[in-house]
Protein chains: 4
Amino acid sequence: MRYSLQAAYAKAAQVRLAIFDVDGVLTDGSIYIGEQGEEYKAFYARDGLGMKLLQASGVELAIITGRDTPVVDHRMRALGVNHVFQGKAEKLPVLLALCEQLKIAPEQVAYIGDDVNDLPVLRTVGLPMAVADAHSLLADHVCWQTQARGGRGAVREMCELIMDAQGTLSAQLARYTEA
Amino acid sequence: MRYSLQAAYAKAAQVRLAIFDVDGVLTDGSIYIGEQGEEYKAFYARDGLGMKLLQASGVELAIITGRDTPVVDHRMRALGVNHVFQGKAEKLPVLLALCEQLKIAPEQVAYIGDDVNDLPVLRTVGLPMAVADAHSLLADHVCWQTQARGGRGAVREMCELIMDAQGTLSAQLARYTEA
Amino acid sequence: MRYSLQAAYAKAAQVRLAIFDVDGVLTDGSIYIGEQGEEYKAFYARDGLGMKLLQASGVELAIITGRDTPVVDHRMRALGVNHVFQGKAEKLPVLLALCEQLKIAPEQVAYIGDDVNDLPVLRTVGLPMAVADAHSLLADHVCWQTQARGGRGAVREMCELIMDAQGTLSAQLARYTEA
Amino acid sequence: MRYSLQAAYAKAAQVRLAIFDVDGVLTDGSIYIGEQGEEYKAFYARDGLGMKLLQASGVELAIITGRDTPVVDHRMRALGVNHVFQGKAEKLPVLLALCEQLKIAPEQVAYIGDDVNDLPVLRTVGLPMAVADAHSLLADHVCWQTQARGGRGAVREMCELIMDAQGTLSAQLARYTEA
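The residue count restarts for each chain, going from 1 along the sequence in the order it is written. Throughout, the order in which chains and ligands are written sets their labels, letters from A for the former and numbers from 1 for the latter. Only residues with pLDDT of 70 or above have their local features reported here, since the model is predicted, and side-chain atom pairs are shown and tallied only from 80 upward, although totals for entire chains, interfaces and linings are computed over all residues. Derived side-chain values reflect all non-hydrogen atoms in the structure, with water molecules and hydrogen atoms excluded from consideration.

A. Geometry of the nonpolar core. Membership of the largest hydrophobic core comes to 246 residues, with the highest contact counts inside it found for Phe-20 of chain A, Phe-20 of chain B, Phe-20 of chain C together with Phe-20 of chain D. Any two residues whose heavy atoms approach within 4.5 Å are treated as being in contact. Apart from the residues within four sequence positions on either side, Phe-20 of chain A is in contact with Leu-26, Met-51, Leu-61, Ala-62, Ile-63, Ile-64, Ile-112, Val-155, Met-158 and Cys-159 of chain A. Counting residues in each nonpolar core, the second largest holds 12 residues, with Ala-42 of chain A, Ala-42 of chain B, Tyr-32 of chain C together with Tyr-40 of chain D among its members. Only buried Ala, Val, Leu, Ile, Met, Phe, Trp, Tyr and Cys residues count toward a nonpolar core, and they belong to the same one when joined by side-chain atoms within 4.5 Å. Burial status follows relative accessibility: with a 1.4 Å probe on protein chains alone, a residue under 20% of its type maximum counts as buried, one over 50% as exposed, and anything between as partly exposed.

Now the structure itself:
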């Protein structure tokens, strides 16, 4: 599957739910560990603003990740992300249940991942995306690969692509561009 | 707005107050989070020396940031920055109030940012600047974009540009170059 | 010693035990230290998945490192790595003892390192490897140098190379590619 | 002052004391700060081995830094560095006092720095060096600029250059290359 950017925009116009993987997507893949086994992650400030704008534009946000740490709960709460699924070795059933709950078709979902365990979900959603530095196997299964790397703006790029396709980007940026 | 470096120097010569955004400018945009939701940031040593030299040259320093964490208070105290405004979703009113308080015109202010929420301030100050890796929308609204990235010397570059334009750089460096 | 990739695959087909250095291999070499002397390390999420898949394919995993910190115990436990040897200034005796214990010949061992203290082990094992950014002295003593740097996918690359050579890679990825 | 590599080797052959700046040299310049103002630094594993080998070869090691944090004490103790001077805004008097104490002439000292506050010391020692990503003003005041950046091998490169010039490098590496 190798869509053009035009095809990605057509898919993005239908998106009602945007789902993000965590390690390697909302972060650069680094898992910081301390002596008591406690964990730390580094998120990217500009990704956070993108997520807030996308949510304000009317799109639902969710994360689904295979690992499980309170770090992610804290960050997602700060960003106002309600649908947080951690410790999910298999992501596809979680996606399907969430779609059911929200009355959103998988075709109306955007998902961005970086590794092979994202493939089942990527093959199911309407707008499958990968970060610039994703595992090479993902390239054939996504509509679009961001120019930015994971944890360095890939999520912001995805958020703006969806808003641009839906015609909501200018309105969301208006508070800054027209102030 | 696309000034030349010459135009940036002309503006810089008038600067009496330099204001820095935090995430993405004084840092590379990484927000480190631990399991209790506690936050960490990474500042750049050489930026710190630049800020001290600029302050010693007679320019007031301030930071205005949308987020709010004691991390920033600690670092700014260590650098002797008196004007610290955090948790400000709208930065422009803060800028205008500070100008009023210090009896400094916006035309005499330099500001460096990295994201779209910096645009209202950038459009108001005399010397608007952006880091090398700023959001692409900022390019048309700044006098000068640093060669260094945020958290990797962009602030140092701005401090030296202002001192150079004001003819104070050599004097500030003299303690090192003539010791 | 400069093998071709073909020669590396021939060696990899015989591997029953894969051993990883820690600093500079499972991390990018950064040792984070706090004010009480406590230590932190940053591991790479995609390396972790590679190690789990390699272990599931039937290959034993071990780490041997010259330094010693509970951080490594925590991460290795999370990945299910049973053979963890820390504080070993001399790595070769540890390797030989482990081979004896597991009834595995050194010729059936893969080892990946980044610095000169890895040389004695690299000269002994069947599949000696180095990360892309290893010390230049290692180049002449390894079968293959990964394209990825330490802490940024070098270990994942090694894991996939071994599984590919052993014909187990497709089966391990099947849960993702055929779901 | 622009020496050739040959000239740097001639100076290095005389070195009895090697002094390292901390921020930007033993680290990449990042100063990590937490919510209580506590500090963290990231050191590079391969630099540590270089310092140990250089010390084993008979050269004295010291650090002189303008900032002051227990983090540095912990790391220097782990590396066996006895001469640790922190909180020194002026580095030159510290250098001269240390030379006096150790009965070593400044001409027999190597120093590596990254910023303008290193200039007074760099102009005084026999072998002044700078990291690859040093402030541009240092270039004219050093014998040699490392190919590696601060916190990413610059110190290792300096240690090996000195040992190579003194004919001790092979002996120090023998435990690894001939084991």
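B. Looking closely at the pairing of strand β3 (residues 39-44) of chain D. Numbering of helices and strands runs from the N terminus, with a helix taken as a DSSP run of H or I at least four residues long and a strand as a DSSP run of E at least two residues long. Counting buried positions over the 6 residues of β3 of chain D gives 6, a clear majority of the element. Covered by surrounding structure in β3 of chain D are Glu-39, Lys-41 and Phe-43 of chain D together with Tyr-40, Ala-42 and Tyr-44 of chain D, the residues of both alternating faces. Paired strands, in this sense, are two strands between which DSSP finds at least two bridges. One ladder, built from 4 bridges, connects strand β2 (residues 30-33) of chain C with β3 of chain D; its direction is antiparallel. Each bridged residue has a counterpart across the sheet, and for Ile-33 of chain C the counterpart in β3 of chain D is Lys-41 of chain D. Two elements, strand β2 (residues 30-33) of chain D and β3 of chain D, share 2 bridges in a ladder whose sense is antiparallel. Bridge pairing links Tyr-32 of chain D to Tyr-40 of chain D in β3 of chain D. If you look at the hairpin formed by β2 of chain D and β3 of chain D, you'll find 5 residues sitting between the two strands, and Gly-37 of chain D has a positive phi there, around 85°.

C. Here's a closer look at the packing of helix α3 (residues 45-56) of chain C against helix α4 (residues 70-79) of chain C. Residues and elements named next belong to chain C. Inter-axis angles, ranging from 0 to 180 degrees, are taken between N-to-C directions of lines fitted to C-alpha atoms, where helices are fitted over the stretch in contact. Where α3 contacts α4, the two axes come as close as 10 Å, and the packing angle between them is 50°. Between α3 and α4, the angle falls in the class oblique. Each of Gly-48, Met-51, Lys-52 and Gln-55 in α3 lies in contact with α4, whose residues at this interface are Arg-75, Met-76, Ala-78 and Leu-79. Roughly parallel refers to an angle under 35 degrees, roughly antiparallel to one over 145, roughly perpendicular to one between 65 and 115, and oblique to any angle outside these ranges.

D. Fine view of the interface of chain A and chain C. Chain A puts 25 residues into the contact, and the matching count from chain C is 26 residues. For the pair chain A and chain C, the summed buried area comes to about 2000 Å², and 54% of that belongs to carbon and sulfur atoms. Considering only the side of chain A, the residues that lose the most area to chain C are Ile-31, Ile-33 and Glu-35 of chain A, jointly responsible for 28% of the buried surface there. Counted as salt bridges are all cases of a side-chain nitrogen of Lys or Arg within 4 Å of a carboxyl oxygen of Asp or Glu. The tally of links from chain A across to chain C stands at 3 salt bridges. Note on terms: buried area is the combined drop in 1.4 Å-probe accessible area of two parts once they are placed together, counting the loss on both.

E. The interface of chain A and chain B, seen in detail. Counting residues at the interface gives 26 residues for chain A and 25 residues for chain B. Of the roughly 2000 Å² buried between chain A and chain B, counting both surfaces, carbon and sulfur atoms make up 54%. Remark: the boundary between chain A and chain B carries 3 salt bridges. Its salt-bridge partner being Arg-152 of chain A, residue Asp-28 of chain B comes within 3.7 Å of it at the nearest N-O pair. Identification of polar contacts relies on pairs of N or O atoms within 3.5 Å, with a donor-acceptor requirement for protein atoms, meaning one able to donate a hydrogen and the other able to accept it, and with residues adjacent in sequence counted only if both atoms are side-chain atoms. Counting the contacts that link chain A with chain B gives 13 residue pairs in polar contact (both at pLDDT 80 or more). Counting only elements with at least two residues in the side of chain A that touches chain B, the list comes to β3 (39-44), α3 (45-56), α4 (70-79), α7 (154-166) and α8 (169-177) of chain A. It is β3 of chain A that contributes the most residues to the side of chain A that touches chain B, 6 residues altogether. Across the side of chain A that touches chain B, the residue classes break down as 12 nonpolar, 4 polar and 10 charged. Side-chain classes follow a simple rule in which Ala, Val, Leu, Ile, Met, Phe, Trp, Tyr, Cys and Pro form the nonpolar group, Asp, Glu, Lys and Arg form the charged group, and the remainder, Gly included, forms the polar group.

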